[in-house]
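Topology and contacts: notes
Here's the letter readout for the chains.
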Amino acid sequence: MLRSLLLLVSPLLMSFCGGVCFVCPEICRCSQKSITCNSATESLKSRTHSRLSISNTGIGIFPDLTSIFSLESDFILYICDNLNLHSVPTNAFIGMTSEFTTMNLFNNGFQEIESHAFNGTKIDKLVLKNNKELRVIHEDAFKGAFGPTMLDVSSTALETLPSRGLESVLMLVARSAFTLKRLPPLNGLKSLREAQLTYPSHCCALLSWDSNREGSVITALKNGSSNCVDNSPANPSDVASDDSLTLDGPLASDFVGFTSAEDVFGSMDFYYPELDLCQRRPALQCSPEADAFNPCEDIAGFGFLRVAIWFINILAIVGNLTVLLVLFTSRCKLTVPKFVMCHLAFADLCIGVYLLMIATVDLMTRGHYSQHAIEWQTGVGCGIAGFLSVFGGELSVYTLSTITVERWHTITHALRLERRLGLRHASSIMVVGWVVCLGMALLPLMGVSSYNKVSMCLPMDIETPLSQAYVILLLLFNVGAFLVICGCYLCIYTAVRNPEFPGRAADTKIAKRMAVLIFTDFLCMAPISFFAISAAFKVPLITVTNSKILLVLFYPINSCANPFLYAIFTRAFRKDAYILLSSMGCCESKANLYRMKTYCSENVNRSKSSSGSNKNSKAPRSVVWMSSFPHVTPRPQMQRV
């Protein structure tokens, strides 16, 4: 009767998947949305089952397996290709078998495995691969269960594994689990012997933890044994063959012709490896191994770099913030050099902030960066850091080129004031620079190359032709800027050395000073450009570990030095700084002195280009201006200015 009923209902339950039809298991009752498995008849009670498969169905409720009991020692459960199953409930497998079982729960629609889901089971292998919607395994999912010894969570959406219940796992498989960026506490994987993971940095963390764990275990064992020396036999059978038994006594004549005890009694192997306290465990096997872009080390790599990166980023941030504060609060007329210097300070400030982010993460993850590498490199923080690095670096190079071209243009047209670069033209040039640099910094965030290839968050991904072209274009931009600066200063020095050149002494002095500074900047960048171009053409001449020395000491050193060499150490900046401080009640005498020098200098310039009547009209203005500062008395020396 039951069999006839099943035959009538089974056509309604068939679900076609690649030509495979679902047939309700013999020990189960099936409906359109659920399956209940129990001992329906006496004949089924006495029957043992080694395999149960529930696959390719449209059920939306997890099958009730609590009434199944198998005596087979190799019971295998298949629940596969059921896309409407969204969770594994509590006590889903309790009482199914008292022996170890293999559970293949793959390619379903699971989103969650609830607490105590595997309670009351002994799990040999648990395969959860290809459950692409599986995001959560509850912390207590394995509570009350023994095992699993093998866990496969490949191609799932899990972000982490439970911290409890994995103590028996010998093999962990998590290939193509790209959202699994953080491993559980490693002490919860104390039995792990083999791991097949997605990210090399996870293997770095596991191998480091395993080496430390092995050291502590062996030390503890040796403390309990005085005979732990490297004399364990390579072949256990050698234990018996090393010593021979001498046969003597009244029975010796019965064993004439036998030369050893083994010949008489057979092989005697008294070597028990499991009782050998001095035996080392096999080393943990893990793949994929660390690659050239992600070595097993901290972000800084070297101790002195950890100190240098903090020193450089603090100087860069403080120096450039000071420049921006003084220039923005200055009451003096905004000139083209000051305008461009603001952009240079902002670009270098971006590099300082980038270094601060890298230094902070390095400090927080010191000694265990591998456990956090994927979270950092694929997170928002690394993207922001990489954006600031590329944008700030390229804008700094562009601004230095603009400063050089402006100096060349000013000196070349020294007597034609109408052809000098004005603020309107400078603004247009800097707008173009901002657009270009923003575009170059945003491309890696849009899939052209990537910032998450290395721990320093720089665009080093050249796997695709488009990414390789982007990196090469970025480097050629820097090389092109360097060539422009070289050409401009070659023209400037050629003109300055000409005694008939009608330029102003101030322009030539500034040009000489800036030439030395800018050439120094680009000499520092030359090693980076050289090694980066070779790496972009897939001929690396330096490792990532050693390249960090260039990236920390050479790449940002300009951002640290520029505010001091281009602004803070100049007389014009000191004047603006003292005037700003005087508004706060500090250094008023110094500020007044700079005001007088500026005013007198302007009068001298005007007197040289005006008539005699205009010269006489300026004297009263000087007296009026100086009378506004009663604590400053005019001195004869001031009249000579």
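This one's a predicted model, so the numbers in the text were calculated from it and none came from an experiment.

We now examine the overall build of the protein. Within the protein, the regular secondary structure consists of 18 helices and 13 strands. A burial count over the protein gives 43% of its 641 residues as buried. In the protein, of all internal contacts separated by at least 6 residues, the share reaching a separation of at least 24 is 65%. With an accessible surface of roughly 33700 Å², the protein has 61% of that area assigned to carbon and sulfur atoms.

Along strand 6 (residues 100-104), four of the five residues are buried, which leaves the element largely enclosed by surrounding structure. Pairing of strand 6 with strand 8 (residues 122-127), which is carried by five bridges, proceeds in the parallel orientation. Paired with Met103 across the bridge in strand 8 is Leu126.

Following both chains from N to C, one finds helix 6 (residues 303-329) and helix 14 (residues 557-568) inclined at 35°, their axes separated by 8 Å at the closest point. The way helix 6 lies across helix 14 gives a crossing that is left-handed. Facing Ile312, Leu315, Ala316, Gly319, Asn320 and Val323 of helix 6, the residues of helix 14 in contact are Ile557, Ser559, Cys560, Pro563, Phe564, Ala567 and Ile568. The residue inventory of the contact of helix 6 with helix 14, partitioned by class, reads ten nonpolar, three polar and no charged.

Moving on, we come to the layout of surface pockets. The space that makes up the second largest pocket amounts to roughly 870 Å³. The set of elements that each furnish at least two residues to the lining of the second largest pocket consists of helix 7 (336-364), helix 9 (380-412), helix 11 (465-496), helix 12 (505-536), helix 13 (544-553) and helix 14. Sorting elements by how many residues they give to the lining of the second largest pocket places helix 9 first, with eight residues.

With that out of the way, let us pick up the UniProt feature "transmembrane region" (unreviewed entry) in the protein. The residues that UniProt annotates with the feature "transmembrane region" (unreviewed entry) are residues 307-328, 340-364, 384-405, 426-449, 469-493, 514-537 and 549-569. Each end of residues 307-328 is marked by a C-alpha atom, and these two atoms are 32 Å apart; helix forms 100% of the span and strand 0%.

Evaluation of the coordinates by the stated rule reveals three disulfides. Put simply, Cys203 and Cys286 are joined by a disulfide, and their sulfur atoms are 2.0 Å apart. The disulfide joining Cys203 to Cys286 has a torsion of about -80° about its S-S bond and is therefore left-handed. Within this pair, whereas Cys203 is found in helix 3 (residues 200-223), its partner Cys286 is found in strand 13 (residues 285-287), the two being separated by 83 residues in sequence. Summarising the burial analysis for this pair, Cys203 and Cys286 share the class buried. Each sulfur in the disulfide pair Cys382 and Cys457 lies 2.0 Å from the other. Disulfide Cys382 to Cys457: torsion about the S-S bond roughly -125°, handedness left-handed. Here Cys457 lies in the loop between helix 10 (423-442) and helix 11 and Cys382 lies in helix 9, a separation of 75 residues in the sequence.

The next thing to look at is unusual backbone geometry. Residue Pro148 is reached from Gly147 by a cis peptide bond, and omega for that bond is 5°. On the secondary structure map, Pro148 appears in the loop between strand 9 (136-137) and strand 10 (150-152). With an omega of 5°, the peptide bond between Ser287 and Pro288 qualifies as cis. Its identity is not glycine, yet Asn91 carries a phi of approximately 55°, on the positive side. Summarising the element assignment, Asn91 is placed in the loop between strand 5 (87-88) and strand 6. With phi around 55°, Ser155 is a residue other than glycine that occupies positive phi space.

Its place among the elements puts Arg164 in the loop between strand 10 and strand 11 (171-173). Under the relative-accessibility criterion, Arg164 is labelled partly exposed at 42%. For the pair Arg164 and Lys143, spaced 21 residues apart in sequence, the C-alpha to C-alpha distance is 7.8 Å.

Moving on, we come to the pattern of salt bridges. Enumeration according to the criterion identifies nine salt bridges in this entry. One salt bridge connects Glu375 with Arg182, and the closest N-O pair in it is separated by 3.4 Å. Highlighted residues: Glu375 in helix 8 (residues 373-377) and Arg182 in the loop between strand 11 and strand 12 (194-196), separated in sequence by 193 residues. Judged by its relative accessible area of 39%, Arg182 is partly exposed. Between Lys453 and Glu463 there is a salt bridge whose closest N-O contact spans 2.6 Å. With a gap of ten residues between them, Lys453 in the loop between helix 10 and helix 11 and Glu463 in the loop between helix 10 and helix 11 connect regions that are remote in the sequence. Judged by relative accessible area, which is 57%, Glu463 ranks as exposed.

The axes of two packed helices give the description: the angle between them and the distance between them. Their axes nearest at 8 Å, the elements helix 6 and helix 7 cross at an angle of 150°. Here helix 6 lies roughly antiparallel to helix 7, going by the angle between them. Note on packing geometry: the crossing formed by helix 6 with helix 7 is left-handed. Of the residues contributing to the contact of helix 6 with helix 7, the split by class is 21 nonpolar, four polar and four charged.

As a further point, take a nonpolar patch on the surface. On the surface, a cluster of nonpolar side chains totalling about 420 Å² of accessible area is made up of Leu438, Leu442, Leu443, Leu445 and Met446. Residue position: Leu438 is located in helix 10.

With that settled, consider empty space enclosed by the protein. Here the structure, examined in full by the defined rule, presents two cavities of 30 Å³ or more. In this structure, the largest cavity encloses a volume near 100 Å³. Among the elements of the structure, helix 8 and helix 13 are those that each provide at least two residues to the lining of the largest cavity. Grouping the amino acids of the lining of the largest cavity by side-chain chemistry returns seven nonpolar, five polar and three charged. Size it by volume and the second largest cavity reaches roughly 40 Å³. What lines the second largest cavity is simply Asn320, Val323, Met341, Leu344, Ala345, Asp348, Asn562, Pro563, Tyr566 and Ala567.

All right, on to the sheet that holds strand 9 then. Spatially, three strands are ordered 5-7-9 in an open sheet, and the strand pairing comes out parallel. Unpaired on one side and paired on the other, strand 5 and strand 9 mark the two borders of the sheet. The sheet contact formed by strand 7 (residues 112-113) and strand 9 spans two bridges and is parallel. Bridge pairing in strand 9 links Glu112 to Val136.

Thresholds, definitions, all that
- Residues numbered from 1 in each chain as written.
- Predicted model: local features only at pLDDT ≥ 70, side-chain atom pairs only at ≥ 80, totals over all residues.
- Heavy atoms only, no water.
- Helix = DSSP H or I, 4+ residues; strand = E, 2+ residues; numbered from the N terminus.
- Buried < 20%, exposed > 50% of the residue type's maximum accessible area, 1.4 Å probe, protein only.
- Contact = heavy atoms within 4.5 Å.
- Areas by Shrake-Rupley, 256 points an atom, 1.4 Å probe, with all protein chains shown as cover.
- Pairing = 2+ DSSP bridges.
- Axes fitted to C-alpha atoms, helices over the stretch in contact; angles between N-to-C directions.
- Left-handed = near helix turned anticlockwise from the far one by under 90°.
- Nonpolar A, V, L, I, M, F, W, Y, C, P; charged D, E, K, R; others polar.
- 1 Å grid on protein atoms, 1.4 Å probe; cavity = no way out; pocket = protein on both sides within 12 Å on 5 of 7 lines; lining within 4 Å.
- Points joined across faces, edges and corners; volume = space filled by probe spheres on them.
- UniProt positions renumbered as here; feature names shortened; annotations may be inferred.
- Disulfide = S-S within 2.5 Å.
- Salt bridge = Lys/Arg side-chain N within 4 Å of Asp/Glu carboxyl O.
- Parallel < 35°, antiparallel > 145°, perpendicular 65-115°, else oblique.
- Patch = residues over 30% accessible without salt bridge, like charges linked within 9 Å, V, L, I, M, F, W, Y side chains within 5 Å.

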